Amino acid sequence: MPPLPACLDAPRAALRPALLGVALLNGAAGVVLVALAWCLADTLNALVFHDTGPTPLRLGTVAALLLARAALMAAAQGRAAALGFEAGRMVRRRLVEGLLARSTPVPPGSLALVGVEGIDAIEPFFARYLPATFHAVLLPVVVLVVVVPMDPLSALVLAGTAPLIPLFMLLIGHGTQTLNAAQWAEMTRASAYFLDVVRALPLVRAFAAVPAERQRLATAASAWCDGTVRVLRLAFLSALVLEFLATLGVALVAVFIGFRLLWGQIEFERGLFVLLLAPEFYLPLRSLGVHYHARLEAQAAAERLAALIEDENAPPSSAPESPTPESPASQAAPLRPEEPSAPRVEVAGVSFAYPGHAPVLEDCSFTLEPGTLTALVGASGAGKSTLLALLRGRLTPQAGTIRVDGVPPGAEAARPAWIPQEPHPFAGTLAEAVRLGAPDAPDEAVSRALDLAHATPFVAERPQGLDAPIGEGGAGLSGGELRRLALARAFLMDAPLVLLDEPSASLDHESETALIAALQGLRRGRTVLVAAHRLATIRAADRVLVLAGGRVAQEGLFETLRASDGPLRALLGAGAPLVGAALEETSR
Ligand SMILES: Nc1ncnc2c1ncn2[C@@H]1O[C@H](COP(=O)(O)OP(=O)(O)OP(=O)(O)O)[C@@H](O)[C@H]1O
């Protein structure tokens with residue numbers, strides 16, 4: 001039997017006195033049971049052979065013993081339930097302490113699973129399994145001590161068959177444990193993935209990936225269902241085996257007693273007494289077998305819990321990013337066999353106000369030329385994100401028109417690829433993260449997209465390559481790697497218009513260089529608009545649009561705009577809205 005994780009040691013030690021209390025109550029109930037069996041055997045013996053019948057004293061004693069046993073059992077069960085509740089409370093507190101002491105964040109999906117289902121699985125271990133272990137030793141010993149002097153042959157049958165039950169329990173439990181561990185792993189994966197999908201619903205919609213994600217969720221759910229059925233099948237099978245062994249033991253005792261009664265080798269009263277005790281002898285062993293599953297469940301849950309508490313689950317640190325020179329592949333043939341013609345985007349007289357608020361955009365007009373990379377610049381709150389949402393068709397202007405090659409932005413033909421500032425990969429594999437907008441893309445296309453996005457080096461570092469797992473919320477990938485994965489998505493998706501919200505925000509210089517090189521590759525056959533906060537991104541653009549006062553206040557080449565006295569210069573001077581801009585300007 002594998003040892004329990006150390007995180008259960010403290011509650012087990014603290015709750016030992018309470019466990020002993022439950023064991024004593026169960027032991028007392030066992031002694032009452034023996035007395036009850038004797039009284040019943042005596043009463044029946046008197047009724048059948050002595051005509052004395054059930055006297056009020058005998059009936060009163062049986063009733064009193066029945067009541068005493070019921071009261072003791074109820075008290076033991078009540079205390080055991082309280083014990084489970086207390087253990088759950090202690091484990092919950094230990095989890096919170098462990099989480100507060102951790103140096104790395106915990107994936108919320110795993111936390112939700114362990115904090116709720118995991119602790120729910122640990123409570124029955126204390127409330128049912130541990131009391132059952134005491135009971136399974138105490139009651140059979142009490143019964144044997146009484147039966148040995150009464151009927152040694154029956155005692156031999158009981159003692160000979162009893163070990164078979166724990167033996168089979170362990171054999172079956174061994175298989176169940178592997179299944180249980182696999183089931184927990186499946187549940188953790190499925191819940192992490194589900195949480196990621198819920199958090200990234202806007203992204204899923206933007207990439208038209210709803211049917212594909214629905215399919216993946218359905219597959220994850222059915223894998224989990226299949227696993228549950230496998231565990232249940234084994235649990236029912238083990239219950240059947242234990243029932244069979246216990247019934248066989250009782251039947252053997254009954255057969256031996258029956259023949260000896262016939263041959264006059266045992267008195268009726270003694271035989272009946274032993275026969276009444278025989279099922280009770282096996283009962284605690286059977287219930288130990290049933291609750292053994294509670295132990296296996298608790299074992300699997302506690303292992304997950306220990307991983308969260310002990311910081312073992314920290315996402316692997318990503319290798320430092322190295323600048324990726326323009327790789328030959330990124331200059332090779334285009335990703336799509338038929339390069340689509342990049343669209344012209346025309347925004348004419350657009351006004352937009354959030355309900356109950358002052359207008360964000362007023363009579364805003366500009367054109368994005370096909371195949372260009374345009375930087376959208378503006379102070380914080382100028383309306384860059386609002387404009388991107390209008391171009392994605394997520395918001396509708398109150399006045400004016402937006403056309404992508406003549407098509408309104410909500411239409412399927414104009415659906416852009418969108419890369420938010422915090423690209424959100426789902427728990428899964430690298431390939432799955434890239435395939436969000438193109439679920440059927442072959443591996444070669446995924447590799448090419450990663451190459452174009454300058455993501456090949458960090459994929460190659462992982463032994464599983466494209467099948468390398470991504471943890472929940474992108475755990476295991478750095479910010480720069482996540483953004484390059486998001487760019488690879490855009491390369492793979494057949495969207496001729498790409499909208500980005502500052503892709504290089506909070507990246508170090510090397511990651512930024514690699515990302516900008518990838519960004520420039522993106523405009524081939526596409527029109528790209530990037531809401532830019534960093535000077536490096538603005539410099540990489542063909543054209544700059546400066547948003548101020550609800551409209552495009554300035555547009556043109558970066559160097560020209562910077563040289564002229566206008567809003568861009570004011571922004572560069574202010575520094576704050578353009579991260580790093582002021583610093584770079586002053587150092588010149
Ligand atoms: N859902 C909303 N409801 C009401 N007002 C909003 C909403 N979203 C944004 N705004 C307001 O609209 C204005 C433009 O916001 P927007 O996010 O488009 O600016 P931004 O240029 O992208 O800013 P930042 O660079 O800080 O992200 C701001 O004044 C903002 O407070």
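Quick caveat, the model's predicted, so the values are computed rather than measured. The residue count restarts for each chain, going from 1 along the sequence in the order it is written. The predicted origin of the model limits local features to residues at a pLDDT of at least 70 and limits the giving and counting of side-chain atom pairs to 80 or more, whereas totals for whole chains, interfaces and linings rest on all residues. The side-chain numbers reported here are obtained from all heavy atoms of the structure, hydrogens and water having been left aside.

Draft legend 1. Structural context of the packing of aromatic side chains. The pairing test for Phe, Tyr and Trp rings, Trp by its six-membered ring, is centres within 6.5 Å, and the orientation test on the planes gives stacked under 30 degrees, edge-to-face over 60, and tilted for anything in between. A complete count under the given rule lists seven aromatic pairs for this structure. With 5.2 Å between their ring centres and 90° between their planes, W38 and F273 make a pair best called edge-to-face. Taken together, the residues W38 in helix 2 (residues 16-50) and F273 in helix 9 (residues 268-309) connect sequence positions 235 residues apart. When its relative accessible area of 1% is taken as the criterion, F273 is described as buried. Geometrically, the ring pair formed by F352 and Y354 is edge-to-face, given 4.9 Å between the ring centres and 90° between the ring planes. The cut-offs for exposure are 20% and 50% of the maximum accessible area for each residue type, with area from a 1.4 Å probe on protein chains only; residues under the lower value are buried, those over the upper are exposed, and the others partly exposed. With a relative accessible area of 33%, Y354 lands in the partly exposed category. Taken together, the ring pairs in this structure connect F125, F126 and Y129 into an aromatic cluster. Think of it as a cone above the ring: NZ of Lys or CZ of Arg counts as a charge over the ring if it is within 6 Å of the ring centre and within 35 degrees of the ring normal. Its end group placed over the ring of W418, R392 keeps NZ or CZ at 3.6 Å from the ring centre. Elements are defined by DSSP. Helices are runs of H or I of four residues or more, strands are runs of E of two residues or more, and each kind is numbered from the N terminus.

Draft legend 2. Representation of the sheet that holds strand 9 (residues 527-531) within the structure. In this scheme, strands are said to pair when DSSP sees at least two bridges between them. Strand order in the open sheet formed by six strands is 5-8-9-3-10-11, with mixed pairing between adjacent strands. Of all strands in the sheet, those bounded by a partner on one side alone are strand 5 (417-419) and strand 11 (551-556). Strand after strand, the sheet turns through a mean of 20° between neighbouring axes, direction not considered. The pairing of strand 3 (residues 373-378) with strand 9 spans four bridges and is classified as parallel. Counterpart to L373 in the pairing with strand 9 is V528. Throughout, an axis means a line fitted to C-alpha atoms (over the contacting stretch in the case of helices), and angles, computed between N-to-C directions, take values from 0 to 180 degrees.

Draft legend 3. Representation of the packing of helix 2 against helix 9 in the model. Between helix 2 and helix 9, the shortest axis-to-axis distance is 9 Å and the interhelical angle comes to 145°. Considering how the two elements wind past one another, helix 2 and helix 9 form a crossing that is right-handed. Counting all contacts with helix 2, which are made through L33, V34, A37, W38, L40, A41, D42, L44, N45 and F49, the residues of helix 9 involved are F268, E269, L272, F273, L276, L277 and E280. Residues are sorted three ways: Asp, Glu, Lys and Arg are charged, Ala, Val, Leu, Ile, Met, Phe, Trp, Tyr, Cys and Pro are nonpolar, and all the rest, Gly among them, are polar. Each residue belonging to the contact of helix 2 with helix 9 can be placed in one class, and the counts come to 13 nonpolar, one polar and three charged. We call a crossing left-handed when the near helix sits turned anticlockwise from the far one by less than a right angle, and right-handed when that turn is clockwise. Whether two residues are in contact is decided by their heavy atoms, any of which lying within 4.5 Å being enough.

Draft legend 4. Structural view of the packing of helix 5 (residues 152-161) against helix 9. Across the interface, helix 5 lies against helix 9 with an axial gap of 11 Å and an inter-helix angle of 10°. On the basis of their axis angle, the class for helix 5 and helix 9 is roughly parallel. Every residue of helix 9 that contacts helix 5 at S154, V157, L158 and T161 is listed here: V274, A278, F281 and Y282. A per-class count over the contact of helix 5 with helix 9 returns six nonpolar, two polar and no charged. Here the word oblique covers every angle except those under 35 degrees (roughly parallel), over 145 (roughly antiparallel) and from 65 to 115 (roughly perpendicular).

Draft legend 5. Structural view of the site of the ligand. Around the ligand, the structure places Y354, H357, V360, A379, S380, G381, A382, G383, K384, S385, T386 and H533. Within the contact set of the ligand, an oxygen atom lies 3.2 Å away from a backbone nitrogen or oxygen of A382. The term polar contact refers here to a pair of N or O atoms within 3.5 Å; inside protein, the definition further demands a hydrogen-donor-capable atom paired with an acceptor-capable atom, and it admits residues adjacent in sequence only when both atoms are side-chain atoms. Within the side chain of S385, one N or O atom sits 2.7 Å away from an oxygen atom of the ligand. In this description, accessible areas are obtained by the Shrake-Rupley approach with a 1.4 Å probe, and a residue is regarded as covered only by the protein chains that are shown. Bound to the protein, the ligand loses 58% of the 630 Å² it would expose on its own. For this description, a residue counts as near a given molecule or strand if any of its non-hydrogen atoms is within 4 Å of it.

Draft legend 6. Summary view of unusual backbone geometry. The residue D363 is not glycine, and still its phi comes out positive at about 50°. Positive phi values are uncommon outside glycine, yet D405 reaches one of about 50°. Within the secondary structure, D405 is located in the loop between strand 4 (399-404) and strand 5.

Draft legend 7. Expanded view of the nonpolar core. Membership of the largest hydrophobic core comes to 85 residues, with the highest contact counts inside it found for L361, L450, L485, L487, L500 and L522. Residue ranges assigned to the domains are those given by an automatic or database domain assignment. Residue contributions to this core reach at least three from each of two domains, namely domain 1 (6-309) and domain 2 (345-574). In this structure, L522 is in contact with L487, A490, F491, V498, L500 and V528, ignoring residues within four places of it in sequence. By nonpolar core we mean a set of buried residues, namely Ala, Val, Leu, Ile, Met, Phe, Trp, Tyr and Cys, connected to one another through side-chain atoms within 4.5 Å.

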